[in-house]
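As a plain string of letters, each chain reads:
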Amino acid sequence: MKWDFTSVFANTDALLAGAAGTLRIFAICLVLGLSLGLVVGLGRYARTWWFYLPATAFVEFFRNTPVLVQILWFYFALPMLLPFEISPLMAASLGISLNSAAFSAEIYRAGIQSIDRGQWDGARALGMRWAQAMRRIVLPQAIKRMLPALTNRAIEIFKMTTLASAVAYVELLQQGKLIASLNYNPIEAYTAVAVIFLVFLWPLVQFTYVLERRLKRDE
Amino acid sequence: MSLLRVTGLTKRFGTNEVLRSIDLEVRQGERIAILGASGSGKSSLLRCLNFMELPTAGVIELDGQPLGRERRPGERIYRESELTQVRQRIGMVFQQFNLFPHMTAVGNVMEGLRTVRRMPKPAARIRAEAELKRVGLGDKADAYPAHLSGGQKQRVAIARALAMDPEMLLFDEPTSALDPELVGEVLGVIRNLADEGRTMLLVTHELGFAYHVATRVIFLADGTIHESGTPDEVLKNPRQERTRAFLASHKQYSL
Ligand SMILES: Nc1ncnc2c1ncn2[C@@H]1O[C@H](COP(=O)(O)OP(=O)(O)OP(=O)(O)O)[C@@H](O)[C@H]1O
Ligand SMILES: [Mg+2]
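What this report covers is the structure whose coordinates are included nearby.

## Topic: the overall build of chain A
- Helix and strand counts for chain A stand at 9 helices and 0 strands.
- Walking chain A from its N terminus toward its C terminus, one meets helices and strands in the order α-α-α-α-α-α-α-α-α.
- Residues classed as buried in chain A amount to 47% of the 219 residues present.
- Here chain A displays about 11,500 Å² of accessible surface, and carbon together with sulfur accounts for 68% of that area.

## Points about the sheet that holds strand β1 (residues 2–13) of chain B
Residue and element names in this part refer to chain B.
- Read across the open sheet, the 4 strands follow the order β2-β1-β4-β5; overall the sheet is antiparallel. A single partner strand is all that each edge strand has here, and the edge strands are β2 (16–27) and β5 (65–66).
- Relative to strand β4 (residues 57–62), β1 is paired through 5 bridges, and the arrangement is antiparallel. Counterpart to Val6 in the pairing with β4 is Ile60.
- Strands in contact with helix α1 (residues 42–49) are β1, β2 and β4; relative to β1, the strand with the most contacts, it is inclined by about 120 degrees.

## A short note on the interface of chain A and chain B
- Counting residues at the interface gives 19 residues for chain A and 23 residues for chain B.
- Taken together, both faces of the contact between chain A and chain B bury some 1,800 Å²; the carbon and sulfur share is 55%.
- In this structure, the connection of chain A to chain B is made through 2 salt bridges.
- For the pair chain A and chain B, the interface holds 8 residue pairs in polar contact (both at pLDDT 80 or more).
- Listing elements by their share of the side of chain A that touches chain B, those giving two or more residues are α6 (117–125) and α7 (130–160) of chain A.
- Of the residues that constitute the side of chain A that touches chain B, the class distribution is 7 nonpolar, 6 polar and 6 charged.

## Looking at the nonpolar core
Residues and elements named next belong to chain B.
- One finds Leu132, Val156, Ile158, Phe171 and Ile190 to be the most contacted residues of the largest nonpolar core, which totals 60 residues.
- Those residues within four positions of Ile190 in sequence are excluded, and the remaining contacts are Ile158, Phe171, Pro174, Met200, Leu202 and Phe209.
- The next biggest cluster of nonpolar side chains, apart from the first, holds 33 residues, and it includes Leu49, Phe51, Leu62 and Leu170.

About the cut-offs
Residues numbered from 1 in each chain as written. Chains lettered and ligands numbered in written order. Predicted model: local features only at pLDDT ≥ 70, side-chain atom pairs only at ≥ 80, totals over all residues. Heavy atoms only, no water. Helix = DSSP H or I, 4+ residues; strand = E, 2+ residues; numbered from the N terminus. Buried < 20%, exposed > 50% of the residue type's maximum accessible area, 1.4 Å probe, protein only. Areas by Shrake-Rupley, 256 points an atom, 1.4 Å probe, with all protein chains shown as cover. Pairing = 2+ DSSP bridges. Contact = heavy atoms within 4.5 Å. Axes fitted to C-alpha atoms, helices over the stretch in contact; angles between N-to-C directions. Buried area = accessible area lost by both parts, 1.4 Å probe. Salt bridge = Lys/Arg side-chain N within 4 Å of Asp/Glu carboxyl O. Polar contact = N/O pair within 3.5 Å; in protein donor to acceptor, adjacent residues only side chain to side chain. Nonpolar A, V, L, I, M, F, W, Y, C, P; charged D, E, K, R; others polar. Core = buried A, V, L, I, M, F, W, Y, C linked by side-chain atoms within 4.5 Å.

Put into structure tokens, the structure is as follows:
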């Protein structure tokens, strides 16, 4: 057989719309996932039960259920329990963000725990409250150590966005599927999608290598 | 009047009782050296005084004010805001310095003023630079801790504590982590503070320094004050057998 990308190029518009959709849901899930993850991670680190227990339940629940199931549940089941509609973007963002929050929470917790007890001592001896010591002294150092792991999380989130195609959200894979079925060219269509992902992700992955090297050098 | 009065201070970690009903009074301007073998509870005592560890039992009074309130007989509870207040009034310097590595020297010294005192940045900077100058590091303001020697780091840590205008300073083996040639510069700074008449408690193995600088020496053993008195009494003519044995094992630190 011969490769023929003409029908892919003819659908550049559709692919661009898909790329825009992918970037949009990626941005939403990155911000929501990593910031909610910080809150949950603080809860996992906290010693007060009313913070620790819900955070732990959250992490366990979302780590032990597949994202795809969560997305489908938010899209098909949740609207039956709520008095309003849920769009594909909302359902997919919820599933991916909550799942990412659960995984990044563990990154945050481990990062915070890796900070020497002496840093807490130094901060508290000045009269800082727990939250002040966390915000000013512990987190800035912990985040730096966590940066490679958080960037890896970002890469995972980027790939997970393809699951949004399960609820027909317009993103790259969804558009690839569409092009493939309209033009009977699955090889070219899915190859094009894979290449576009590679172009987006390759620099991100390189960035994690740089981060890891720099961190090793600094420590 | 005494600045700090400790009555019946007891600290347990699980079933391990590391401080047993300690009574201690610290008057304004006193400099108390605390000696004792490893594990005798020296650090625990200092850490209870500024509530880095909560006492299991006992009462600590600062300026005549008992801290915390009694919930049940023998058990006190403390409010977080009360403890952060106390820690501002009682500064602490650690064996491992505990400088904040992501901040410059002057950033470290400003941190308490900025975050805790909410002082505007320019004023905090001026104050912090003055404190660095006092410990002889006026030219190191913008250096990060990683680029400072151990002795310089400990002097920054002292400046950081001083910036909060503490009424009393706690030193926990401030020179134990230093190379021998760097000990002198840190002891020099502490001696200057002594000459200023500051109130301080100093855990140290530097017997000579304790002898010359302290107004009182306390020997801790098994979580109790085993012997206490003037430097001459405790270091030259100890009455207790265990004090003598301890001093004999520290002969390398001559008076
Ligand atoms: N956070 C803690 N949890 C449990 N046990 C502790 C804790 N801190 C101290 N201890 C125990 O309390 C005892 C006294 O420790 P402390 O650090 O007060 O002794 P120290 O006199 O300062 O010893 P060193 O000279 O080694 O510094 C030790 O047996 C130690 O293991
Ligand atoms: Mg100690």
